[in-house]
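Tertiary structure, described
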Amino acid sequence: YLFTFYIQNSMPINIKLKQYKLNKNFFFLEAESFTLKAINEMISLLIESPIIDEKAVSINRIKREGEIDSTFSVEISGKILKTNIDSKEYLYNEASAYGLLEKLLRYKKTNILLDL
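Figured I'd write up the structure that's included with this text.

All right, on to the layout of surface pockets then. Estimated volume of the largest pocket: approximately 230 Å³. If you go around the largest pocket, you meet 13 residues; those closest to its centre are Leu-2, Ile-80, Leu-81, Thr-83 and Lys-88. Of all the secondary-structure elements, those providing two or more residues to the lining of the largest pocket are α1 (2–9) and α3 (85–94). Of the residues in the lining of the largest pocket, the class split is eight nonpolar, two polar and three charged.

As a further point, take the nonpolar core. Soluble, globular proteins show a tendency: their nonpolar side chains are buried together. The biggest cluster of nonpolar side chains holds 28 residues, and the ones touching the most others in it are Leu-29, Met-42 and Ile-76. Listed by contribution, the elements that provide at least two residues to this core are α1, β2 (26–33), α2 (36–48), β3 (52–65), β4 (71–80), α3 and α4 (98–115).

What α1 keeps buried is the set Leu-2, Phe-3, Phe-5, Tyr-6 and Ile-7. Packing partners of the buried residues in α1 comprise β1 (16–22), β2, α2, β3, β4 and α3.

What follows covers the environment of Phe-5. Tracing the backbone through its elements, the reader meets Phe-5 in helix α1. The spatial distance from the C-alpha of Phe-5 to the C-alpha of Ser-33 is 20 Å, given a sequence separation of 28 residues. Among residues more than four places away in sequence, those in contact with Phe-5 are Glu-94 and Ala-95.

Taking burial as the measure, the 10 residues of β4 include nine buried ones, the bulk of the element. Across eight bridges, the pairing between β2 and β4 is antiparallel. Looking at the pairing, Glu-30 lines up with Glu-75 of β4. By the bridge criterion, nine bridges tie β3 to β4 in an arrangement that is antiparallel. Note on β4: the bridge partner recorded for Ile-62 is Val-74. Taking the residues between adjacent antiparallel strands as the criterion, β3 and β4 are bridged by five residues, where Gly-66 takes a positive phi near 95°.

This part takes up a nonpolar patch on the surface. A contiguous nonpolar patch, built from Leu-36, Ile-59 and Ile-62 and spanning about 250 Å² of accessible area, is present on the exposed surface. Locating Leu-36 in the fold gives a position in helix α2. According to the relative accessible area criterion, Leu-36 is partly exposed, its value standing at 38%.

Definitions and limits used
- Residues numbered from 1 in each chain as written.
- Predicted model: local features only at pLDDT ≥ 70, side-chain atom pairs only at ≥ 80, totals over all residues.
- Heavy atoms only, no water.
- 1 Å grid on protein atoms, 1.4 Å probe; cavity = no way out; pocket = protein on both sides within 12 Å on 5 of 7 lines; lining within 4 Å.
- Points joined across faces, edges and corners; volume = space filled by probe spheres on them.
- Helix = DSSP H or I, 4+ residues; strand = E, 2+ residues; numbered from the N terminus.
- Nonpolar A, V, L, I, M, F, W, Y, C, P; charged D, E, K, R; others polar.
- Core = buried A, V, L, I, M, F, W, Y, C linked by side-chain atoms within 4.5 Å.
- Buried < 20%, exposed > 50% of the residue type's maximum accessible area, 1.4 Å probe, protein only.
- Contact = heavy atoms within 4.5 Å.
- Pairing = 2+ DSSP bridges.
- Patch = residues over 30% accessible without salt bridge, like charges linked within 9 Å, V, L, I, M, F, W, Y side chains within 5 Å.
- Areas by Shrake-Rupley, 256 points an atom, 1.4 Å probe, with all protein chains shown as cover.
- Salt bridge = Lys/Arg side-chain N within 4 Å of Asp/Glu carboxyl O.

Okay, here's the thing in structure tokens:
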């Protein structure tokens, strides 16, 4: 959930997300735009995301598809940061994922009761 939330917030209006793949450690996405400015903005927003390791983001390919008035295609991959319970609590709250936040808080309370 968190990855898709931050991906949505990292997509400028001029970007078309063609595909993305992820597992618990890594992500890959392919996007296209008519301008390099929109692609640069997307890359900057991805790097600033609190769930992506900015040092592990790599641009695999930037390619112009066709002639002068065509689109630019970009492939980006990177590493997803591990989250602990406290960081998930903050991120769920920031993402307005109140259902997930409520489940997480119940889990934390249960753990506290079991540790006694």
